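Reading the structure
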Amino acid sequence: MTARRALGACAALMVGALTLTGCGGNASADAKGGKDGGTSAKTSTAKIVISAKDGSTDASINATGVKVSDGKLTDVKMTVSGSGTAVPGAITADGTDWKPTAQLERGTKYQISATAKDASGRTAAANSIFTTVSSSNSFIGTYTPDNGTTVGVGMPVSFNFNKVISNQKAVQSHITVTSSSGQQVAGHWFGSQRLDFRPETYWKAGSKVTMKIDLDGVEGANGVFGVQKKTVTFTVGRSQVSTVDVNTQTMTVVRDGKTLKSVPISAGSPEHTTYNGQMVISEKFVQTRMNGSTVGYGGEYDIPDVPHAMRLTSSGTFIHGNYWYNRGNPPFGQQGTSHGCVGLADVQGAQGDTSAKWFYDNSLVGDVVVVKNSPDKTVSPDNGLNGWNMSWSAWTAGSTV
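Everything quoted here is computed from the prediction, not taken from an experiment.

Each helix and strand in the chain was counted, giving three helices and 29 strands. Here the chain, with 401 residues, has 46% of them falling under the buried criterion. Partitioning the intrachain contacts of the chain with sequence separation of at least 6 by distance along the chain shows that 65% fall at a separation of at least 24. Total accessible area on the chain stands at roughly 18,500 Å², and carbon and sulfur atoms take up 50% of it.

The structure is reproduced here in structure tokens:
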């Protein structure tokens, strides 16, 4: 593991422990008067440490603070250099620690001045002027799912990093994902900027999943450091897996092992087939625009208000409502007519008692939709949140930890 030396741990900056001596005296520990009448004042035993070293340019936006040993902090002032804007912070009840009350800004110059007293009331002081790590020298990971959400059993934990990660082992080892179910969870790298985590089989319904991100100061690439430090938890809801059979143009919705409903659908046409495989709902939209030119179909369609749309792949596969079908010859349960999506009967405006609305209302992000018997290939594991289409041995082979 490679962690940034200047962040996370306290750099030993002990500035200005005040030493007062009389003329002709010395800094002896007992501070007795000398024969020549001089005196020596004992140095304060309070030792102040500011975690951001004076003059550093890569200070942490999370862990920067002040600590004292053998004494108590009496005053800490932190400001933005230049403007003098105060940075709020608080000294702990025992007087040994001070931290800002909010995360610092990246690439910003700050100043900290701190004083403390030891048990005898003697004063010590320390100062530091430093700059936090810049955007160009740091990376962040955008992750899903969000804290506090409830998701379906197929929802992986997925990180997308905004910089190329060359030190993948260091980064992965500072992200841990655990489940109250006790399931083993493993990571898998898709290229150099995406890291997903999942168990061997779907999450157990009702389990709690905890993700600990401890990337602050971790060197993800040469001179590029992480800045995130937080804990995220989410809940796995009921188990729902829906299976689309292209041969019969139907979808069977199974919840907690029991069939809820069989729904007629219209999958992809012979010219534009639907992927096979396990696909996870990653987004839900009551209405959204679908433009064929954004997914390689030119001007074949541009529908501004597709109802009850739920994303299955990043390349543009959705399961959604269809209100523009031929009323004289409805395709649902009969034939595939879409450009690769899975369509259900619906009405314009996303209102009304329709199959599409029922499925939308009964689905969670993270629910699984399985497509079988399509003439198309199996969806790629990295096309959406679809790593379930990879064997467990292949999945764990893509881990660096």
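Our focus in this paragraph is the sheet that holds strand 19 (residues 224-226). Strand order in the open sheet formed by three strands is 10-19-18, and the pairing between neighbours is mixed. At either end of the open sheet lies a strand with only one pairing partner, and these are strand 10 (138-139) and strand 18 (219-221). Strand direction decides the pairing type here: strand 18 and strand 19, joined by two bridges, are antiparallel. Within strand 19, the position partnered with alanine 221 by the bridge is valine 224.

So, about the sheet that holds strand 17 (residues 208-214). What the four strands build is an open sheet, ordered 12-20-17-14; its pairing is mixed. Only two strands of the sheet have a single neighbouring strand rather than two, namely strand 12 (150-151) and strand 14 (175-179). Here strand 14 pairs with strand 17 via five bridges, running antiparallel. If you follow threonine 178 over to strand 17, its bridge partner there is threonine 210.

What follows covers the environment of tyrosine 202. Looking at where tyrosine 202 falls in the secondary structure, it is placed in the loop between strand 16 (194-199) and strand 17. C-alpha of tyrosine 202 to C-alpha of proline 156: the two residues are 46 residues apart in sequence and 9.0 Å apart in space. A distance of 2.5 Å separates the side chain of tyrosine 202 from the side chain of glutamine 278, its partner in a polar contact.

Under the definition given, this model contains ten aromatic pairs. An angle of 80° between the planes, with centres 4.9 Å apart, marks the rings of tyrosine 202 and tryptophan 388 as edge-to-face. Of this pair, tyrosine 202 sits in the loop between strand 16 and strand 17 while tryptophan 388 sits in the loop between strand 29 (368-372) and helix 3 (392-397); the two residues are 186 residues apart in sequence, bridging distant segments of the chain. When the ring of tyrosine 325 is compared with that of phenylalanine 332, the centres are 4.9 Å apart and the planes differ by 85°; the resulting orientation is edge-to-face.

On to the nonpolar core. One finds Phe159, Phe161, Val171, Ile175, Val177, Phe197 and Met211 to be the most contacted residues of the largest nonpolar core, which totals 34 residues. Of all elements in the fold, only strand 13 (157-161), helix 1 (168-173), strand 14, strand 15 (185-190), strand 16, strand 17, strand 20 (229-236) and strand 29 reach the threshold of two or more residues within this core. Beyond its immediate chain neighbours, meaning those up to four positions away, methionine 211 contacts Tyr143, Pro145, Val157, Phe159, Ile175, Thr176, Val177, Lys230, Thr231 and Val232. Listed in part, the 23 residues of the second largest apolar core include Met78, Val87, Ala116 and Val227.

Conventions and cut-offs
Residues numbered from 1 in each chain as written. Predicted model: local features only at pLDDT ≥ 70, side-chain atom pairs only at ≥ 80, totals over all residues. Heavy atoms only, no water. Helix = DSSP H or I, 4+ residues; strand = E, 2+ residues; numbered from the N terminus. Buried < 20%, exposed > 50% of the residue type's maximum accessible area, 1.4 Å probe, protein only. Contact = heavy atoms within 4.5 Å. Areas by Shrake-Rupley, 256 points an atom, 1.4 Å probe, with all protein chains shown as cover. Pairing = 2+ DSSP bridges. Polar contact = N/O pair within 3.5 Å; in protein donor to acceptor, adjacent residues only side chain to side chain. Phe/Tyr/Trp six-rings, centres within 6.5 Å; stacked < 30°, edge-to-face > 60°. Core = buried A, V, L, I, M, F, W, Y, C linked by side-chain atoms within 4.5 Å.

Read these as layout, nothing more, since geometry by itself doesn't imply function.
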